[in-house]
Amino acid sequence: MADLLALCAFNAAYAQAIDNDALEQWPSFFTEDCLYRITNAENEREGLPSGVVYADSRAMLEDRIAALREANIYERQRYRHLLGIPVVESADAQGTVARTPFLVARIMHTGETTVFASGEYRDRFRQVGGKLLLAERVAVCDSTVTDTLLALPL
């Protein structure tokens, strides 16, 4: 069972890896058999499992980062995450279920900064080898409009 401070520290390190362009570290925040999705509130409400991004293993997350670095062509950008305090919904020996609000600003290579995404992470955490990891992270965005420049993970 993870305590609130551990969840806050985990989320801060997660966001820092993305915001500091240390994307190769990002998959290490997940279990081997994880689930990662980016969707919107309407799809989630309707129970639609598809999303803008879907990965069901750490290997898929690693492939996504390799593609970003080596194959994909996209306008240079970076993110800055602002995270709220996690709300723990349940916690037991099997893991912790929590929700954390987020706001992500996107900074383009020109310096233009915009609010890119807002929503909440819906997470299932597990302890693996004494380390807190994500077994599941669903980034549920408030808006149904998804920018085609969704290159980086949220």
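About the thresholds
- In every chain, residue numbers begin from 1 and rise along the written sequence.
- With pLDDT at 70 or above as the cut-off, local features in this predicted model cover only qualifying residues; side-chain atom pairs require 80 or more to be listed or tallied, and sums for whole chains, interfaces and linings still use all residues.
- With hydrogens and water set aside, each side-chain value is computed from the structure's full complement of heavy atoms.
- Strands here are runs of E lasting at least two residues and helices are runs of H or I lasting at least four, both read from the DSSP assignment and numbered beginning at the N terminus.
- The span expected for a helix works out to 1.5 Å for each residue beyond the first.
- The rule is simple: take the accessible area with a 1.4 Å probe, protein chains only, and divide by the maximum for that residue type; under 20% is buried, over 50% is exposed, in between is partly exposed.
- It only takes one pair of heavy atoms within 4.5 Å for two residues to be counted as in contact.
- Nonpolar core, defined: a set of buried Ala, Val, Leu, Ile, Met, Phe, Trp, Tyr and Cys residues in which side-chain atoms within 4.5 Å join the residues together.
- Aromatic pairs are defined between Phe, Tyr and Trp rings, using the six-membered ring for Trp, whenever the two ring centres lie within 6.5 Å; interplanar angles under 30 degrees are classed as stacked, those over 60 as edge-to-face, and all others as tilted.
- By the criterion adopted, a ring carries a charge over it if an Arg CZ or a Lys NZ lies within 6 Å of its centre and within 35 degrees of its normal.

*Asks:* Lay out helix α1 (residues 4–19) with the relevant residues and their values.
*Replies:* Between its terminal C-alpha atoms α1 stretches 22 Å, which fits the 22 Å expected from 16 residues at 1.5 Å a residue. Within the sequence span of α1, burial applies to Leu-7, Phe-10, Asn-11, Tyr-14, Ala-15, Ala-17, Ile-18 and Asp-19. Along its buried surface, α1 packs onto β1 (30–40), β3 (77–83), β4 (87–92), β5 (95–108), β6 (113–128) and β7 (131–141). The positive-phi residue at the C-terminal boundary of α1 is Asp-21, with phi of around 60°.

*Asks:* If you had to explain the nonpolar core to someone new, which residues and values would you point to?
*Replies:* Ranked by size, the top nonpolar core spans 32 residues in total, and within it Tyr-14, Trp-26, Phe-30, Tyr-36, Phe-102 and Leu-154 carry the most contacts. Considering each element in turn, this core owes the most residues, 5 residues, to α1. Discounting chain neighbours no more than four positions away, the residues touching Phe-102 are Leu-82, Leu-83, Ala-117, Ser-118, Gly-119, Glu-120, Tyr-121, Ala-139, Val-140, Cys-141 and Leu-154.

*Asks:* Describe in detail the packing of aromatic side chains, supporting the description with residues and values.
*Replies:* The final tally for this structure, using the stated rule, is 10 aromatic pairs. Note on Phe-30 and Tyr-36: the rings are 5.7 Å apart at their centroids and 80° apart in plane angle, and the pair reads as edge-to-face. Across the pair, exposure class does not vary: Phe-30 and Tyr-36 are buried alike. The positively charged end of Arg-137 is found above the aromatic ring belonging to Tyr-14, 4.3 Å away from the centroid. One Lys or Arg, Arg-137, reaches over the ring of Tyr-121 and ends 3.7 Å from the middle of that ring.

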